[in-house]
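Overview (structure and organization)
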Amino acid sequence: MSSIQTIIVSGGTHGNELTGIKLLEKWSKHPELYTNRCPTAHVELVHTNIAASRLCRRYADQDLNRSFSETLLSFVGDPENYEMRRAKELNAKFGPKGPKTRTDLILDVHNTEAKMGFCLIISAHDPFTMRASAELVHEFPDTHIYYQPEERSMSPYFGTLAKADICLEVGPQSHGTIHADLFEQAERIVIRYLELAQEWNRGLLQQKKKKSVDVYTQYKDIDYPRDEAGEINAMIHPYWQDRDYSALNPGDPLFRTFDGESLPYKGTRKVWPIFINEAAYYEKKIAMSLTLKTREEW
Ligand SMILES: [Zn+2]
């Protein structure tokens, strides 16, 4: 991206993830907190899933953050389905998804119950989001980069309405609750992204030396072990609870049955799990996402 003209800071894409919702409430009352961070761009606050936020639930009818693939956006669908309607509204106002979108950058704030700290999720090999995220990893503790190489037109996330996006996952925090320390650092990270967008528009960030960072690239999601009826019959192994970003080798214990038997990881290559035991992913049949870790200059 050569210059960043329009930026959306969004929250409440999942209605029970309070860090982003409270950040928007705070900033909409005090616009001076964000408006002068990137004066070369128009910065807009967007509360994405208003109905789910009122319910303090992830979604009302379907997961809004799985509703933005080109296929779903062009699908006529059920007009009674709130998120399907809302996704089309957001696409009409801030997209349309694809090369003609009117939004350059989306910073979408989420929470996870997994112990992932501050996870900067990047979904495109975009020079600004890569460069800025590498700076942030060196500025803030407990910050990691997670790259999702999924084809952008088929990616279902709200952020993919823009040319580039960062999904900031903040955790561990139980859904429907809020932690002060996580809120404060998340706010500082979003402010830094805005400041770095300003540096980018002035050509300064491009001149800084690239930084060496660990990049966790999506490899595959895995489900819990299940019985013939499809019920979960093992839990995350106690070793793995709260060990996101640690190395998992083939044969290592990964799950534990209710009888206390350890079940090994059956994969054939070393991986680095994240989103371990995320509450919202039980319904998606995801026990964790496996990533591959590389050291890169960004
Ligand atoms: Zn979320």
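Everything that follows concerns the structure shown earlier in this document.
Bear in mind the structure is a predicted one, so any value in this text is a computation, not a measurement.

**So, helix α5 (residues 127-139)**
Over its 13 residues, α5 runs 19 Å from end to end, which matches the ideal 18 Å to within 8%, given 1.5 Å per residue. Buried residues of α5: Phe 128, Thr 129, Met 130, Arg 131, Ala 132, Ser 133, Ala 134, Glu 135 and Leu 136, and no others. Looking at the buried positions of α5, the neighbouring elements they touch are β3 (105-111), β4 (117-122), β5 (143-147), β6 (164-171), α6 (180-201) and β7 (212-222).

**Focus: the coordination of the zinc ion**
Angles at a metal have ideal values that depend on geometry: 109.5 degrees with four tetrahedral donors, 90 or 180 degrees with six octahedral donors. The zinc ion binds to the protein through His 14 (ND1), Glu 17 (OE), Glu 17 (OE) and His 110 (ND1), with metal-donor distances spanning 2.0 to 2.5 Å. Considering all 4 donor atoms around the zinc ion, angles at the metal cover 56 to 151° and the coordination shape is irregular. Sequence positions of the residues that donate to the zinc ion give the spacing H-x2-E-x92-H. Residue Glu 17 is located in the loop between β1 (6-11) and α1 (18-29), and its partner His 110 is located in strand β3; the two are separated by 93 residues in the primary sequence. Of the two residues examined, Glu 17 and His 110, each falls in the buried class.

**Description of the layout of surface pockets**
Its boundaries defined by the atoms lining it, the largest pocket holds a volume of some 350 Å³. Lining the largest pocket are 27 residues, with Arg 66, Gln 148, Tyr 157, Phe 275 and Tyr 281 positioned closest to its centre. Elements supplying a minimum of two residues to the lining of the largest pocket: β3, β4, β6 and β7. A total of 3 residues in the lining of the largest pocket trace back to one element, the largest contributor, which is β6. By residue class, the composition of the lining of the largest pocket is 9 nonpolar, 9 polar and 9 charged. Considered as a void within the structure, the second largest pocket measures approximately 240 Å³ in volume. Around the second largest pocket, the lining is made up of 15 residues, and of these Ile 222, Phe 255, Pro 264, Tyr 265 and Lys 266 lie nearest the centre.

**Looking at the packing of α5 against α6**
The geometry of α5 relative to α6 is characterised by a closest axis approach of 10 Å and an angle of 130° between their N-to-C directions. Comparing the axis directions of α5 and α6 gives the class oblique. As for the relative orientation of α5 and α6, their crossing is right-handed in sense. On the side of α5, the interface is formed by Pro 127, Phe 128, Arg 131, Ala 132, Ser 133, Glu 135, Leu 136 and Glu 139, while α6 contributes Ile 189, Arg 192, Tyr 193, Leu 196, Ala 197 and Trp 200.

**Here we look at the pattern of salt bridges**
According to the stated counting rule, one finds 18 salt bridges in the structure shown. Between Arg 131 and Glu 135 there is a salt bridge, with the nearest N and O atoms lying 2.7 Å from each other. Within this pair, Arg 131 and its partner Glu 135 are both found in helix α5, separated by 4 residues, close to a single helical turn. For the residue pair Arg 131 and Glu 135, the accessibility class agrees, reading buried in each case. With a shortest N-O distance of 3.2 Å, Glu 135 and Lys 211 are connected by a salt bridge. One end of the pair, Glu 135, is in helix α5; the other, Lys 211, is in the loop between α6 and β7, and 76 residues separate them in sequence. Residue class for Glu 135 comes out buried when judged on its relative accessible area of 4%.

Reading guide: rules and limits
Residues numbered from 1 in each chain as written. Predicted model: local features only at pLDDT ≥ 70, side-chain atom pairs only at ≥ 80, totals over all residues. Heavy atoms only, no water. Helix = DSSP H or I, 4+ residues; strand = E, 2+ residues; numbered from the N terminus. Expected span 1.5 Å × (residues − 1). Buried < 20%, exposed > 50% of the residue type's maximum accessible area, 1.4 Å probe, protein only. Contact = heavy atoms within 4.5 Å. Donors = N, O, S within 2.8 Å, 3.2 Å for Na, K, Ca; no water. Tetrahedral: all angles 85-135°; square planar, octahedral: opposite > 155°, others 65-115°. 1 Å grid on protein atoms, 1.4 Å probe; cavity = no way out; pocket = protein on both sides within 12 Å on 5 of 7 lines; lining within 4 Å. Points joined across faces, edges and corners; volume = space filled by probe spheres on them. Nonpolar A, V, L, I, M, F, W, Y, C, P; charged D, E, K, R; others polar. Axes fitted to C-alpha atoms, helices over the stretch in contact; angles between N-to-C directions. Parallel < 35°, antiparallel > 145°, perpendicular 65-115°, else oblique. Left-handed = near helix turned anticlockwise from the far one by under 90°. Salt bridge = Lys/Arg side-chain N within 4 Å of Asp/Glu carboxyl O.

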